[in-house]
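# Structural overview
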Amino acid sequence: MRVFGVVGWKNSGKTGLMERLVAEITSRGFTVATLKHAHHSFDVDHQGKDSYRHREAGATEVLLASRQRWALMHELRGQDEPVLEQLLAHLSPNDLVLIEGYKRDDHPKIEANRKATGQPLLALEDETVRAVASDNDPQGLSVPVFNLDDTVAIADFILQETGLVAKPVAGVPDIAAPVMKDDCFALPPGVEWMPVDDALAHLKDRLGLVVGTEEIAVPDAAGRVLAVDQMALRSNPPGANSAVDGYGFAHADTMDGPQVLPLVDGRAAAGEPFEGVVPAGHAIRILTGALIPEGVDTVVMQEDVNVQDGHVAFQGPVKPNANTRKAGEDVEAGQLALAAGHKLRSPDLALLTGLGVASVTVYKRLRVGVLSTGDEIVPADGGASPKGKTYDANRPMLLALAAEWGHEAVDLGHVKDDRALLKTCLDDAREKVDVILTSGGASAGDEDHVSALLKEEGALEAWRIALKPGRPLALGMWHGVPVFGLPGNPVAAFVTAAIFARPSLSALSGAGWVTPQGFMVPAAFSKSKKPGRREYLRARMGADGRVEVFKSEGSGRISGLAWANGLVELPDGALDINEGDMVRFLPYGSLGIPD
């Protein structure tokens with residue numbers, strides 16, 4: 001994490017500056033943690049509190065928790081006070097840690113200074129002090145000096161020093177930038193975001209089948225899409241048969257009250273039908289699944305009879321056709337079994353086989369190519385790469401998604417930020433795949449070559465979609481091959497793939513457009529949402545039936561994808577959510593992802 005300190009003598013204004021900096025920097029969308037060195041006589045706990053009693057009783061650690069916050073107290077009990085580096089390790093990841101105090105440590109700092117303290121400036125002898133914020137005009141300093149109350153300028157300096165924003169470059173003309181909206185998703189004047197529903201409708205209208213057909217054996221057809229209507233080749237059941245083990249007879253030969261019928265020799269069993277005719281007034285032993293012999297239309301269960309001396313006795317009346325199944329009562333021969341466009345599942349294979357179907361005509365698997373772009377991307381190497389490189393998390397994720405959705409996943413590898421190389425790769429890919437998913441390079445920056453190439457070919461369809469996460473998104477064609485330019489951040493890539501790529505790939509594969517099934521469930525969280533875009537939050541259904549969301553909405557927090565078992569979808573408009581309010585939950589299963 002990036003760290004920056006605020007130091008100064010007592011009553012120099014350190015805490016006030018810290019407070020103003022936290023408010024200013026968080027208002028710009030950054031997350032901030034603070035760390036303060038307390039006075040030697042200060043204690044965070046007090047006698048009379050339950051936590052104090054726990055500590056006095058000998059607890060090494062006491063964690064206090066409420067609906068608003070939690071706090072962990074750790075007892076040193078004579079151990080050395082932890083150094084700054086050890087304390088920083090206890091903090092959760094944030095964009096910036098502001099440290100008050102610890103003036104002797106070597107992290108970069110700004111010194112708060114008030115003339116009234118009468119103390120000399122630390123900056124005169126401490127090279128780690130990078131600037132001074134003062135209520136006067138100190139002289140003889142080689143570092144920048146800010147007015148102590150100019151919080152905006154001080155925040156700009158700290159963000160630049162820590163690399164969270166770019167430093168001004170000498171020689172750059174003073175060009176006025178467009179006024180930003182309340183968040184970081186502003187566009188140039190006159191350009192508006194395309195709502196999610198409009199983008200989905202746009203894709204649904206434009207995309208269609210792109211694959212051919214083939215005939216394969218039914219046992220090999222799981223996950224494949226029927227290309228033609230499949231009719232039943234035989235009825236199920238193929239003939240009238242018994243639903244139970246028992247005794248069969250003609251209902252017309254029975255009446256009310258006790259019945260005693262002589263048994264014929266032999267029996268009817270599944271796969272071993274009785275070849276003769278059961279005479280009137282007689283009965284036959286029959287087993288489950290056996291074809292009903294001629295002369296029989298009703299079966300009585302063996303639990304309801306007595307058999308003795310070649311006769312069967314039971315109590316009448318018995319309902320006509322009791323315990324029998326009609327031929328074709330499930331499916332009749334020539335009837336539509338499964339329609340074209342149906343994706344075959346294990347129960348479907350059972351049905352087709354039961355109807356005598358040995359092979360089916362299906363669409364060839366959609367070949368989905370997955371390509372990563374970016375100079376910073378490297379394959380996983382056991383942690384050996386420098387911190388400036390980013391492991392290619394998106395490509396294995398997208399390849400797995402394509403396979404889970406029933407397509408043939410084709411690894412197109414990784415291309416650096418070189419437009420010529422990317423063009424060559426896309427040209428080669430169009431001979432191997434039916435559709436391309438790229439990761440990274442889909443915005444409008446100088447190194448975002450996916451969008452640039454699609455624009456040059458005149459095939460960029462839409463890439464400004466009003467959703468979070470998901471900016472940027474490129475949707476276009478490369479010489480007849482659809483291209484989905486997904487964002488580089490893993491969470492954004494996952495969401496855009498699940499919401500846009502999945503139904504699009506389904507349409508291209510012949511399975512038709514798919515819409516995820518959502519469920520309204522109580523929220524286990526609170527959130528205030530701004531209007532203007534659809535939001536998808538990583539979420540998990542709890543044992544109490546409420547849905548909780550991941551602690552951070554950052555697009556780089558890959559752990560949230562593994563932690564979650566679905567997404568909460570928030571509508572385009574403004575919304576205030578309180579615990580217990582109903583929200584729409586999309587389980588991973590409804591997005592075609594095994595949970």
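Look up: the structure comes first, before these words.
Residues numbered from 1 in each chain as written. Predicted model: local features only at pLDDT ≥ 70, side-chain atom pairs only at ≥ 80, totals over all residues. Heavy atoms only, no water.

This part takes up helix α1 (residues 14–27). Think of an α-helix as turning once every 3.6 residues; residues three or four places apart then point the same way. With 14 residues, α1 ought to run about 20 Å at 1.5 Å a step, and its terminal C-alpha atoms sit 20 Å apart, in line with that. Among the residues of α1, those classed as buried are K14, L17, M18, L21, E24 and I25. Summarising the axial view, the buried residues of α1 lie within an arc of 140°, below the 170-degree limit, and thus occupy one face. Facing away from the buried side of α1 by over 90 degrees, the exposed positions are E19 and S27. G29 sits one or two positions beyond α1 and adopts a positive phi of about 100°. (Helix = DSSP H or I, 4+ residues; strand = E, 2+ residues; numbered from the N terminus. Expected span 1.5 Å × (residues − 1). Buried < 20%, exposed > 50% of the residue type's maximum accessible area, 1.4 Å probe, protein only. Arc of directions from axis to C-beta.)

Take the sheet that holds strand β16 (residues 306–308) next. Taken in spatial order, the six strands line up as β15-β12-β14-β13-β17-β16 in an open sheet, and their pairing is mixed. Only two strands of the sheet have a single partner each, and these edge strands are β15 (298–301) and β16. Adjacent strand axes in the sheet meet at a mean angle of 40°, parallel and antiparallel pairs treated alike. For β16 and strand β17 (residues 311–316), the ladder comprises three bridges, and the chain directions are antiparallel. Looking at the pairing, Q308 lines up with H311 of β17. (Pairing = 2+ DSSP bridges. Axes fitted to C-alpha atoms, helices over the stretch in contact; angles between N-to-C directions.)

Moving on, we come to the nonpolar core. Judged by nonpolar contacts, the single largest core of 45 residues is most densely connected at F494 and F500. Those elements that place two or more of their residues in this core are α5 (196–206), β21 (367–373), α7 (394–404), β25 (435–439), β29 (481–486) and α10 (490–509). A per-element tally of this core places α10 first, with 11 residues. Excluding residues within four positions of it along the chain, F494 makes contact with M397, L401, L561, L567, Y588 and I593. Core analysis: the second largest hydrophobic core is formed by 23 residues, V6, I25, A131 and F146 among them. (Core = buried A, V, L, I, M, F, W, Y, C linked by side-chain atoms within 4.5 Å. Contact = heavy atoms within 4.5 Å.)

Moving on to the pairing of strand β14 (residues 283–286). For a regular strand, side chains alternate in direction, first toward one face of the sheet and then toward the other. Pairing analysis gives three bridges linking strand β12 (residues 246–249) to β14, with the strands arranged antiparallel. If you follow Y247 over to β14, its bridge partner there is R285. Pairing geometry for strand β13 (residues 257–268) and β14, over three bridges, is parallel. By the bridge assignment for β14, L263 is matched with A283.

Moving on, we come to empty space enclosed by the protein. By the definition in use, this model includes two cavities of 30 Å³ or more. When its volume is computed, the largest cavity comes out at roughly 60 Å³. Considering the residues around the largest cavity, the lining is formed by G223, R224, V225, K343, Y363, K364, R365, L366, G406, H407 and S509. Classifying every residue of the lining of the largest cavity by side-chain character gives three nonpolar, four polar and four charged. (1 Å grid on protein atoms, 1.4 Å probe; cavity = no way out; pocket = protein on both sides within 12 Å on 5 of 7 lines; lining within 4 Å. Points joined across faces, edges and corners; volume = space filled by probe spheres on them. Nonpolar A, V, L, I, M, F, W, Y, C, P; charged D, E, K, R; others polar.)

With that out of the way, let us pick up the sheet that holds strand β1 (residues 2–7). Taken in spatial order, the six strands line up as β2-β5-β1-β6-β7-β8 in an open sheet, and their pairing is parallel. Pairing within the sheet leaves two strands with one partner each, and these edge strands are β2 (32–36) and β8 (145–147). For this sheet, the mean inter-axis angle between neighbouring strands, taken without regard to orientation, is 25°. For β1 and strand β6 (residues 109–113), the ladder comprises three bridges, and the chain directions are parallel. Within β6, the position partnered with V7 by the bridge is E111. The strands that α1 touches are β1, β2, β5 (96–100), β6 and β7 (129–134); relative to β5, the one it contacts most, it runs at about 170°.

For the structure shown, the criterion picks out five aromatic pairs. Ring geometry for F249 and F314: centres 5.0 Å apart, planes at 20°, overall stacked. Taken together, the positions of F249 in strand β12 and F314 in strand β17 put the pair 65 residues apart, joining distant regions of the chain. Side by side, F249 and F314 carry an identical accessibility label, which is buried. Aromatic rings pair up to connect F4, F146 and F157 into one cluster. The ring of W9 carries the charged tip of K103 above its face, separated from the ring centre by 5.8 Å. (Phe/Tyr/Trp six-rings, centres within 6.5 Å; stacked < 30°, edge-to-face > 60°. Lys NZ or Arg CZ within 6 Å of the ring centre and 35° of its normal.)

On to the packing of α5 against α10. Interaxial distance between α5 and α10 falls to 10 Å at its minimum, and their mutual angle equals 20°. Relative to α10, the element α5 lies roughly parallel. Taken as a pair, α5 and α10 cross one another with a handedness that is right-handed. When α5 is examined against α10, the residues V196, A199, L200 and L203 are found in contact with a partner set consisting of I499, F500, P503 and S504. Class assignment for the residues of the contact of α5 with α10 results in seven nonpolar, one polar and no charged. (Parallel < 35°, antiparallel > 145°, perpendicular 65-115°, else oblique. Left-handed = near helix turned anticlockwise from the far one by under 90°.)

The next subject is the side chain of S552. By the secondary structure assignment, S552 is in the loop between β33 (547–549) and α11 (559–563). There is a polar contact of 3.3 Å between the side chain of S552 and the side chain of R557. Beyond its immediate chain neighbours, meaning those up to four positions away, S552 contacts R538 and R557. (Polar contact = N/O pair within 3.5 Å; in protein donor to acceptor, adjacent residues only side chain to side chain.)

With respect to the element layout, V196 can be found in helix α5. We classify V196 as buried; its relative accessible area is 0%. Expressed as a C-alpha distance, the spacing of V196 and A400, which sit 204 residues apart in the sequence, is 24 Å. Filtering out sequence-adjacent residues up to four positions away, V196 remains in contact with I465, A466, L467, I499, F500, R534 and Y536.

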